[in-house]
Amino acid sequence: LTLHQVVTMASIVQKETANNSESYTIASVFYNRITNLREHPFMGSDATVYYAIGDYFGEKEELTQEDIAFDSPYNTRSSIGLPPGPICNPGIYSIYAALDPDDTDYYYFIYSPQDACHLFSETLREHEALAEKLGY
């Protein structure tokens, strides 16, 4: 990856991460998605959608279907690969994670408020079960 691409990935990891310890695993999910485009054609980062619609400070609590469909190269729910540039200034943990992500088979993550961290899964079925368990 170029320096620009690393900083772009790190910025997404930064916005998606609940705590520094999960940065490397979050990065692995996004790398797994962009290297397996046949099964996962989009990075699918909600943080990039918020950026694309102009919600830079997290004022909006939930994304709507209209937000998810918003036409922007920064919307990784509808544009393939990395966005054209960073969505924030990443911290050092996110930069390190973008340079050396964990080696996982994870493709999904979901935030668990009671655990104050993300839970990871390999399959959509596992992810949907976690979402149901968490009440999403």
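Here the structure is a predicted model, which is why all the values come from computation and not from measurement.

## Let's talk about the pairing of strand 2 (residues 117–121)
In step 1: Pairing of strand 1 (residues 108–112) with strand 2, which is carried by five bridges, proceeds in the antiparallel orientation. Within strand 2, the residue paired with Ser112 across the bridge is Cys117.
In step 2: Counting the residues that bridge the hairpin from strand 1 to strand 2 gives four residues, and of these Ala116 lies at a positive phi of roughly 55°.

## Examining the packing of aromatic side chains
In step 1: Scanning the model with the defined rule gives five aromatic pairs in all.
In step 2: Ring geometry for Phe30 and Phe109: centres 5.6 Å apart, planes at 90°, overall edge-to-face. Within this pair, whereas Phe30 is found in helix 2 (residues 23–35), its partner Phe109 is found in strand 1, the two being separated by 79 residues in sequence. One exposure class covers both Phe30 and Phe109, and it is buried.
In step 3: Consider the rings of Phe109 and Phe120, whose centres lie 6.1 Å apart with planes at 50°: the pair is tilted. Residue Phe109 is located in strand 1, and its partner Phe120 is located in strand 2; the two are separated by eleven residues in the primary sequence. The same class applies to Phe109 as to Phe120, namely buried.
In step 4: Here a set of aromatic residues connected by ring pairs shows up, and it is made of Phe30, Tyr106, Phe109 and Phe120.

## A short note on helix 6 (residues 124–134)
In step 1: Of the positions making up helix 6, those classed as buried are His127, Leu130, Ala131 and Leu134. Along the long axis of helix 6, the arc covered by the buried residues comes to 100°, so they all point the same way. Structural note: helix 6 exposes Arg125, Glu132 and Lys133 on the side pointing more than 90 degrees away from its buried face.
In step 2: With its phi angle positive at about 85°, Gly135 sits one or two positions after the end of helix 6.

## Some points on the pattern of salt bridges
In step 1: With the rule as written, the count across this model stands at two salt bridges.
In step 2: A salt bridge links Arg77 to Asp46, with the nearest nitrogen and oxygen atoms 2.7 Å apart. Highlighted residues: Arg77 in the loop between helix 4 (65–68) and helix 5 (92–99) and Asp46 in helix 3 (residues 46–52), separated in sequence by 31 residues.
In step 3: With a relative accessible area of 33%, Arg77 lands in the partly exposed category.
In step 4: Residue Asp46 is classed as partly exposed on the basis of its relative accessible area, which comes to 29%.
In step 5: Residues Asp67 and Lys60 are paired through a salt bridge, measuring 2.6 Å at the closest nitrogen-oxygen approach.
In step 6: Judged by relative accessible area, Lys60 falls into the partly exposed class, the value being 30%.

Conventions used here
Residues numbered from 1 in each chain as written. Predicted model: local features only at pLDDT ≥ 70, side-chain atom pairs only at ≥ 80, totals over all residues. Heavy atoms only, no water. Pairing = 2+ DSSP bridges. Helix = DSSP H or I, 4+ residues; strand = E, 2+ residues; numbered from the N terminus. Phe/Tyr/Trp six-rings, centres within 6.5 Å; stacked < 30°, edge-to-face > 60°. Buried < 20%, exposed > 50% of the residue type's maximum accessible area, 1.4 Å probe, protein only. Arc of directions from axis to C-beta. Salt bridge = Lys/Arg side-chain N within 4 Å of Asp/Glu carboxyl O.

By themselves, these observations are geometric and do not establish any function.
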